[in-house]
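Structure assessment
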Amino acid sequence: MDTLAPVAFDVARIRQDFPILSQPQARGRPLVFLDSGASAQKPRAVIDAMVRCMETAYANVHRGAYRLSELATESYEAARAATARFVHAADPREIVFTRNSTEAMNLVAHSWGRGVMEPGQAVLISELEHHANIVPWQMLRDDKGNELRVCRVTDSGELDMDDLGRKLADGKVGLVALAHMSNVLGTVTPVERIVALAHAHGARVLLDGSQAAVHRSVDVQAIGCDFYCFTGHKLYGPTGIGILWAKLEHLDRMPPFLGGGDMISSVTFEKSEWAPAPAKFEAGTPPIIEAVGLHAAIDYVTAIGMPAIEAHERSLVDHAMGALSEVPGLMLLGRAQDRGGVFAFALDAAHPHDLATLLDRAGIAVRAGRHCAEPLHARFGLENGTTRASFGLYTTKEEIDLLARALTEAREFFR
Amino acid sequence: MSGLFDDLRDLYQEVILDHGRKPRNFRRLEDADATARGDNPMCGDRIELFVKMTPDGHIADAAFQGRGCAISTASASLMTETVKGKTAEEAKELGARFRELAMTGTCPDCGAGLAEEMERLAPLSGVHEFPSRVKCATLAWHTLNAALDGTKEASSE
């Protein structure tokens, strides 16, 4: 995987893999897609794999005593194995397929939070979390009465590690649940340090890898965390499939999340017995075609090489820092040392929604609003929200330059 | 690259930009007879509307506070100017026509009375080409309905 040097990264060739990037847009302008942080575009390899599955190898999994069902089951389990390799898991049984990261975090909040975590233990999150890593813990708190602590974020948009230490110090935190990379600030959090600190205080660690897993190689064993989740659709795969990785020792102790078929070993009207993990957490017909698509997406990025993708994005980040800092009146939110290709900003002369409408006219797709991180925007006093440009492996420096020029012209438009 | 946004002058006409930058009646009415809050939870736009009535049921004054994009601010500003002197019924009728205008770009009923008032609101008709922005333009009018009906809260979602 580390054999591919960054020089091998040919963005023009990569762009040809994504059919939508060559689709003509309104007014004949090419698509400048800078909203990959919300959901990424899909390469031909993913599209074809899903079509091929439906055309040649589709049936329900884990059920049919016939060849086609066995084929589909093999494909589904191969996707699990590929996902395990992708995050460097010790065992494919540690991979649970969910609907998305949100469901993965709800699964942990429900099954581990209500079934394993000691009563009275606190959950520690941070100010930079996505709502998906806030609301499930609030629901747990409201249900079980346990404390919800919030680690502060510094003015530069980094986790306040001193505050993290302070909030862990009394040993009452059962779980630290944090983003591996902020979907607004781009900040990459120091996960190894966080895990060491949390474990030293007896807390487990869940990492929301929705953004990070797209941008850099993830090794859950090296990080040492207890739970890690990410979602397929941001990784150039389909919607409808997400991943929870958890150490088997945790999964084995956790009660099921949803009940139904496929998650039991026996059912009578008196009592049901649970299947072992991961089946215990995959009630009902799973996202079979989506798993095949995710597998293709993982193969696609792995063939390019996560280190090469990371290097490309690093050069985009450096370029964007330069280009955006030259836009008059632009305030970049977050100046973390370690950051990925997500830039949220406010322009003095324009509201984020007006700005997004203008940029759309220039063919530039960006997101405007609070990006499912309302408390973070409140922390920085940006109740109107921000405009966010987020990069994918197909993003070019020319697109970032166009964004910077369009922002400059948009400012003139509104002044 | 000049002209990148020229075709957006239909949406952001000078009168819109002007009202967006310098909203009229942007203040509280401490002696308001009716107030309501309008929220657009998706984008964070929020207005608080104040209406003062005359003894014979006409709108004596209308004012607002809040935050929002140029479209929602300009729409609220134009609305407060337009409804002054109208009865509650006339104001609601204007709101109904305006919503039609914002959603479709035309208003078939607009010839029948209140034509002058609708003319003042016409600069916002361009919003119909931007479905995700229609709610920005209609938030103030939803909020006015809530104030006049005494329901206190409105959402343009």
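Residues numbered from 1 in each chain as written. Chains lettered and ligands numbered in written order. Predicted model: local features only at pLDDT ≥ 70, side-chain atom pairs only at ≥ 80, totals over all residues.

As recorded by an unreviewed UniProt entry, chain B carries the name SUF system NifU family Fe-S cluster assembly protein and is attributed to Neoroseomonas eburnea.

Which entries qualify depends on this criterion: UniProt positions are given in the numbering used here, feature names are shortened, and annotations may be inferred rather than shown by experiment.
Chain A appears in an unreviewed UniProt entry as Cysteine desulfurase from Neoroseomonas eburnea. According to the UniProt record, the Sequence similarities (unreviewed entry) comment for chain A reads "Belongs to the class-V pyridoxal-phosphate-dependent aminotransferase family. Csd subfamily." The UniProt entry for chain A carries this comment under Catalytic activity (unreviewed entry): "(sulfur carrier)-H + L-cysteine = (sulfur carrier)-SH + L-alanine".

Some thoughts on the UniProt feature "domain: Aminotransferase class V" (unreviewed entry) in chain A
Basically, it comes down to this: Counting from the N terminus, the helices are DSSP H or I runs at least four residues long and the strands are E runs at least two residues long.
Mapped onto the present numbering, the UniProt feature "domain: Aminotransferase class V" (unreviewed entry) falls on residues 32-403 of chain A. Between the first and last C-alpha atoms of residues 32-403 of chain A the distance is 9 Å; the span itself is 40% helix and 17% strand.

Overview of the domain arrangement of chain A
All names here are of chain A. The condition that has to hold: Domain start and stop positions are those given by an automatic or database domain assignment. Two residues qualify as being in contact provided that their C-beta atoms, derived from the backbone, are within 7 Å of each other. In this count, Pro and Cys sit with the nonpolar residues alongside Ala, Val, Leu, Ile, Met, Phe, Trp and Tyr, while Asp, Glu, Lys and Arg are called charged and the others, Gly among them, polar.
By the assigned domains, chain A splits into domain 1 (6-42 + 305-414) and domain 2 (47-302). Each of domain 1 and domain 2 was reduced to a C-alpha centroid, and the two centroids are 27 Å apart. The interface is formed by 27 residues belonging to domain 1 together with 29 residues belonging to domain 2. The set of elements that each furnish at least two residues to the side of domain 1 that touches domain 2 consists of α12 (306-325), β12 (342-347) and α14 (374-379). With 5 residues, α12 is the single largest residue contributor to the side of domain 1 that touches domain 2. Looking at side-chain class alone, the side of domain 1 that touches domain 2 contains 13 nonpolar, 6 polar and 8 charged residues.

Examining the sheet that holds strand β14 (residues 367-369) of chain A
Residue and element names in this part refer to chain A. The following threshold applies: When DSSP finds two or more bridges between a pair of strands, those strands are recorded as paired. All axes here are fitted lines through C-alpha atoms, helices being fitted over the stretch that makes contact, and every angle between N-to-C directions spans 0 to 180 degrees.
The sheet built from 4 strands is open, its strands ordered β11-β12-β15-β14 with antiparallel pairing. With partners counted over all chains shown, the strands left at the sheet margins are β11 (330-333) and β14, one partner each. Here the average twist between neighbouring strands, direction ignored, is 30 degrees. Pairing of β11 with β12 involves 4 bridges; the strand directions are antiparallel. The residue of β12 that forms the bridge with Leu330 is Leu347.

Examining the confidence of the model for chain B
Should the pLDDT be low somewhere, the predicted coordinates at that spot are not to be read in detail. For clarity, the threshold we go by: Looking at any residue, its pLDDT shows the predictor's confidence there, from 0 to 100.
In this model, chain B carries an average pLDDT of 90, and 97% of its residues clear a pLDDT of 70 or more. Under the prediction, the complex receives an ipTM of 0.86, its pTM being 0.91.

Details of the confidence of the model for chain A
Per-residue confidence for chain A gives a mean pLDDT of 94, with 98% of residues at or over 70. Below pLDDT 50 for its whole length, residues 1-6 of chain A participates in 11 contacts with residues either more than four positions away or in separate chains.

A few points about the interface of chain B and chain A
Listed per partner, the contact involves 17 residues of chain B and 18 residues of chain A. Taken together, the residues of the side of chain B that touches chain A break down into 12 nonpolar, 2 polar and 3 charged.

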